[in-house]
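Read off the chains here:
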Amino acid sequence: MGKITGFLEFDRKVESYAPVEERVKSYHEFTVPMNEPELKDQGARCMDCGIPFCHSGCPLGNLIPDFNDAVYRGKWEKAAKILHSTNNFPEFTGRLCPAPCEEACVLGINEDPVTIENIEKNIVETAFSKGWIVAEPPENRTDKKVAVVGSGPAGLAAAQQLNRAGHTVTVFERDEKPGGLLRYGIPDFKMEKNVIDRRLKVLEEEGIEFKCGVNVGKDITGEELQNDFDAVVLSGGATIRRKLPIEGADLKGVVQAMDFLPQNNRRVDGVKSFENEILATGKDVVVIGGGDTGSDCIGTSIRHGATSVSNFEIMPMSTTERPEGQPWPFWPMRLKTSTSHKEGAERFFSISTKKFLGDKDGNLTGLITSQVEWIKTPGQRPQLKEVPGTEKEWKCELALLALGFTGSEMTIADQLGIEADDRTNIKATEENYMTNVPGIFAAGDQRRGQSLIVWAISEGRQAAYHVDKYLMGESALPLKGEGDLPRV
Ligand SMILES: Cc1cc2nc3c(=O)[nH]c(=O)nc-3n(C[C@H](O)[C@H](O)[C@H](O)COP(=O)(O)OP(=O)(O)OC[C@H]3O[C@@H](n4cnc5c(N)ncnc54)[C@H](O)[C@@H]3O)c2cc1C
Ligand code: SF4
């Protein structure tokens with residue numbers, strides 16, 4: 001609960017950032033840490049609001065007032081235990097979560113909400129630095145074997161929970177290292193990859209086996225997995241990128257964000273050369289798509305030394321205030337300005353790319369856009385309409401398509417006869433996360449579609465409970481919103 005008068009005494013304060021001109025010289029994280037008294041004051045702002053709506057704002061059901069109170073009292077080890085009782089990887093969410101909890105914070109009704117995400121990050125970083133996060137292998141092993149396909153946050157959370165239940169867990173990952181989009185999507189300046197490695201070491205010490213470079217469906221068939229394991233969790237993410245099928249889309253220089261970003265993360269990880277090197281250096285770059293992926297393309301292009309970076313968003317510019325119709329405690333669609341946006345990109349809204357232009361050698365040289373408006377008719381989805389006379393030509397040698405993902409790959413699902421919806425999300429309801437094939441479960445973006453890290457961890461944990469129950473008839477693993485505070 002924090003200090004009873006804390007919210008009256010202390011203003012909200014979060015970590016600041018290194019100046020732009022300094023931070024764009026490297027791929028390191030650039031937050032400036034806060035000191036302990038400042039963090040305690042922030043924990044103290046959590047008031048005794050009675051019904052902590054932040055609990056339900058957080059997809060993990062994190063016990064936020066309890067860890068805030070522990071931080072305010074300087075009981076960091078207790079705070080770490082409370083935090084880990086609902087979240088396997090607070091070091092990921094503490095850096096990268098959009099913090100729907102803060103939008104649901106009661107203090108946020110008429111004041112700045114409690115800095116929940118930053119407190120979370122500082123709890124887990126304190127815990128790592130003090131050596132409190134150590135392997136906790138299960139005391140007893142069952143005779144059950146579980147395969148987890150995909151090592152993103154959903155797969156990692158499922159694996160850790162199932163291993164804790166005593167099952168022998170193997171994680172299959174087709175990339176060369178585990179982590180999913182945490183490693184090969186999100187740039188190092190948002191989260192350095194030693195943060196993943198540090199946690200993976202704990203998972204390995206707990207007994208989880210990682211088999212990387214294995215493409216399930218190709219190197220091992222779905223049937224083989226089914227025969228070799230008692231249960232399978234599919235957590236392969238939503239990997240099908242949305243295309244922009246307009247004239248010139250096959251020109252050299254029109255590149256999918258998810259070709260550009262993973263390559264750069266590998267470059268930062270020490271890979272020296274690539275068959276198709278994609279660099280923004282010295283180019284006028286247009287990033288098409290205004291979400292997290294687009295923002296990551298901006299920060300990366302600026303670090304490459306792009307001449308200019310423009311960012312196009314087809315939707316109108318939102319307000320920074322809560323829009324009408326999205327009242328507290330719901331998640332509002334506000335205008336989000338990321339640290340990358342502030343590093344030198346120019347943003348354009350209600351703009352649609354109509355055509356890419358190229359030279360005789362097939363290289364991208366520019367593009368044509370027009371302004372659009374969204375026509376709202378009651379009872380119908382808003383319709384996109386071009387505004388006549390707004391065509392504009394832009395110089396551009398690199399266009400990065402950050403248009404999101406349309407669904408998941410169906411190879412394993414097809415091999416096993418698993419049903420998916422018309423967006424190729426695997427069908428498995430929240431009732432038990434099991435597909436139509438007994439013993440095969442699904443979690444994360446592969447089940448719910450493109451989403452967030454916090455949801456992936458939540459789904460991995462929930463699915464693990466149901467896998468354990470399927471295997472053993474009952475489960476002592478925690479379910480969201482159930483279970484007691486850890487004894488500390
Ligand atoms: C560029 C980018 C930035 C983002 N930034 C944020 C952010 O700041 N905050 C946030 O909350 N969310 C962010 N997201 C979304 C977030 O990363 C995802 O929602 C989350 O990673 C989904 O987790 P997952 O475990 O379901 O899948 P993923 O992280 O996609 O992991 C799936 C894994 O499965 C593997 N795989 C797939 N098929 C197979 C197979 N057949 N055999 C073996 N392995 C397989 C893949 O290689 C991958 O490693 C971002 C996404 C992108 C693309
Ligand atoms: S995981 Fe995200 S939503 Fe949950 S408490 Fe942390 S910042 Fe808030």
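Residues numbered from 1 in each chain as written. Chains lettered and ligands numbered in written order. Predicted model: local features only at pLDDT ≥ 70, side-chain atom pairs only at ≥ 80, totals over all residues. Heavy atoms only, no water.

Per an unreviewed UniProt entry, the chain carries the name Glutamate synthase subunit beta and comes from Zobellia barbeyronii.

**Quick look at the overall build of the chain**
Regarding its fold elements, the chain presents 18 helices and 18 strands. Since a compact globule built from 488 residues should have a radius of gyration of about 23 Å, the 23 Å found for the chain is in line with a globular shape. For the C-alpha atoms alone, the extent of the chain along its principal axes is close to 65 × 60 × 55 Å. Sorting the 488 residues of the chain into buried and exposed places 52% on the buried side. For the chain, the share of sequence-separated contacts (at least 6 apart) that also reach a separation of at least 24 residues comes to 68%. (Helix = DSSP H or I, 4+ residues; strand = E, 2+ residues; numbered from the N terminus. Rg over C-alpha atoms; globule rule 2.2 N^0.38 Å. Buried < 20%, exposed > 50% of the residue type's maximum accessible area, 1.4 Å probe, protein only. Contact = heavy atoms within 4.5 Å.)

**A short note on unusual backbone geometry**
Here the amide bond leading from Trp328 into Pro329 is cis, since omega sits at 5°, within 30 degrees of zero. Here Pro329 lies in the loop between β10 (308–313) and β11 (346–349). Positioned with a positive phi, Ser350 is a non-glycine residue whose angle comes to about 50°. By the secondary structure assignment, Ser350 is in the loop between β11 and β12 (351–358). Looking at Ser350, the relative accessible area reads 16%, which means it is buried. Look at Tyr433: it is not a glycine, yet its phi comes out positive at around 60°. One can find Tyr433 in the loop between α16 (411–416) and β18 (440–442).

**Re the packing of aromatic side chains**
Inspection of every chain in the model, using the stated rule, returns eight aromatic pairs. For the pair Phe348 and Trp394, a centre-to-centre distance of 4.9 Å together with 80° between the ring planes defines the contact as edge-to-face. Taken together, the positions of Phe348 in strand β11 and Trp394 in strand β15 (residues 392–395) put the pair 46 residues apart, joining distant regions of the chain. Across this residue pair, the class does not change: Phe348 and Trp394 are buried. Cluster of aromatic residues (ring-pair linked, three or more members): Phe312, Phe348 and Trp394. The ring of Phe30 carries Arg23 above its face, with NZ or CZ at 4.5 Å from the centroid. Seen from the ring of Tyr184, Arg266 lies directly overhead, with NZ or CZ sitting 4.1 Å from the centre. (Phe/Tyr/Trp six-rings, centres within 6.5 Å; stacked < 30°, edge-to-face > 60°. Lys NZ or Arg CZ within 6 Å of the ring centre and 35° of its normal.)

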